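A look at the structure
Each chain, written out:
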Amino acid sequence: MVEPVLDELVGAGCRFVVVGSAARRLLGEQVPVNDLDVVVDAVGSNRGPVVEALMAVGGVIERRRGRRLLRSSMALPWEWGWRTSTVYGDVDVVVRFIDGSGYEFHDAVAVPVLLGNGVVVRCHPTKHP
Amino acid sequence: MGAATGLGQLDVAILEACEESGGMFGSFVKSRTVLETLHERTGIGPRVAYEPLCDLARPWVLNLTLLEFQGNFGSPDGPPASPRYTECCLSQLGGAALAAERGEIGPVPIGLINGTTHVDGRWPPLDPSRVAAAIRAAAGGEVSDHELVRIVGQPSFPTGCDVDVDLALLSSGADVEIEVSARIEFERDHLVISRLPPASSPELVEESIVRLVHNGGMRDRQSEPSKGPPRLRGVRNETTRLSGSRVVVEPLSAADVGAAAVALFDLWPVRRSIAVRFGQPMAAMIRDAAASRGGLEERLVMIEKSARY
């Protein structure tokens, strides 16, 4: 159930690329999708829309003192990214992978995919090493 | 404890596993690989060892970090990313710690400086540069115990929080209660809370303030209704990795600033007491650390360079 989350991200005007198994599935490969991995542009103007979109799908974030509802005022680890649980499943918000690649790299090699609801998202079908 | 470094056994085992996995200084390996190696060597599983591994790289936990890290290794509020997504390697000091444990170089007093309060122990952390200066002074010749204690100074937590302590009593090795508190500063028309005490966090501070306001203040304030809860317009957590912990409190008006500062200073995440003890005189520990003279200056310089937060 990644479409509702992607719908929110697109609707909020976020700059992101779908990667990993969800991207492979959207491109037609028959792989199980356990969560949604999105590489986001971490510039200041994109952070608010990303958080707002994930709040709209009931985003919850793991903290040291338990799980908290995602809030726009929350200090988040934008250097690398974080995991959010939504009502549609887990979303890994990735700013930078440990190989150093981020939004610009993945966006440059991504391809557009038209979803059933008419929304277009950019996908890069990466695999974990 | 490692005799040559004062590090705990788990810390030494993690460093050894990192080295065995190929994570020498400057050569990152997946944290998952290090945890698997540690599990094979010691039986200590990844679920237990991952947080201690991350702690060895966290400059807000240790004055002297022993691992370098790539990826999200957590924050005072947030957990680290899965070990599949992070990499680590020995820091220069981490490599020196292993060399010291193997007897290849003289002792490196990392445990003396990092303390054990971060794992709920009672040994408080000390300022690395001041400890190095004291060891240098002890190695250099006649210096009184009193002077060594003066050079080392009071405990120094990696978050930079303020510390109030009876230094004479602490340095004797006795049980002492010290007060650790955040810095509260006035910035234009608001208050900024930074340099939090150990085990506190920006979110904890923020939540405590919200609870204080919503619950009508603490019990002693409720008994004096004229005081009431602090009158605040808002609280913002402006913490970033670069700026460090920073919680901004906006009083309702300029007249409320003083009362708000007093009320905030009563909150547990802002100020509290912790029990500490060295168990032996501080001057004796410094003299012990200065006893092995071969390569001492190089070891002290490495400690000073590693103190960075």
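These figures come from a predicted structure and were not determined experimentally.

1. A closer look at the pairing of strand E7 (residues 190-194) of chain B
Residue and element names in this part refer to chain B. Within E7, five of the five residues are buried, which leaves the element mostly enclosed by the surrounding structure. Of the two faces of E7, the one lined by His 190, Val 192 and Ser 194 and the one lined by Leu 191 and Ile 193 are each fully buried. Looking at chain direction, strand E6 (residues 183-187) and E7 are connected through five bridges and run antiparallel. Its bridge partner lying in E7, Phe 186 is registered against Leu 191.

2. Regarding a nonpolar patch on the surface
Together, Met1(A), Val87(A) and Tyr88(A) make up an exposed nonpolar region whose accessible area comes to about 360 Å². Under the relative-accessibility criterion, Val87(A) is labelled exposed at 61%.

3. Considering the packing of aromatic side chains
In this structure the tally under the stated criterion is four aromatic pairs over all chains. Ring centres 5.2 Å apart and planes at 25° place the aromatic pair Phe69(B) and Phe73(B) in the stacked group. The rings of Trp60(B), Phe69(B) and Phe73(B) are connected pair by pair, giving a single aromatic cluster. Above the face of the Trp80(A) ring, Arg96(A) is positioned so that its terminal group lies 4.1 Å from the ring centre.

4. Concerning helix H1 (residues 3-11) of chain A
Residue and element names in this part refer to chain A. Within the span of H1, buried status applies to Val 5, Leu 6 and Leu 9. Around the axis of H1, the buried residues are gathered within 95° of arc, so they sit on the same side. Just past H1, the residue Gly 13 takes up positive phi, approximately 80°.

Cut-off values and rules
Residues numbered from 1 in each chain as written. Chains lettered and ligands numbered in written order. Predicted model: local features only at pLDDT ≥ 70, side-chain atom pairs only at ≥ 80, totals over all residues. Heavy atoms only, no water. Buried < 20%, exposed > 50% of the residue type's maximum accessible area, 1.4 Å probe, protein only. Helix = DSSP H or I, 4+ residues; strand = E, 2+ residues; numbered from the N terminus. Pairing = 2+ DSSP bridges. Patch = residues over 30% accessible without salt bridge, like charges linked within 9 Å, V, L, I, M, F, W, Y side chains within 5 Å. Areas by Shrake-Rupley, 256 points an atom, 1.4 Å probe, with all protein chains shown as cover. Salt bridge = Lys/Arg side-chain N within 4 Å of Asp/Glu carboxyl O. Phe/Tyr/Trp six-rings, centres within 6.5 Å; stacked < 30°, edge-to-face > 60°. Lys NZ or Arg CZ within 6 Å of the ring centre and 35° of its normal. Arc of directions from axis to C-beta.

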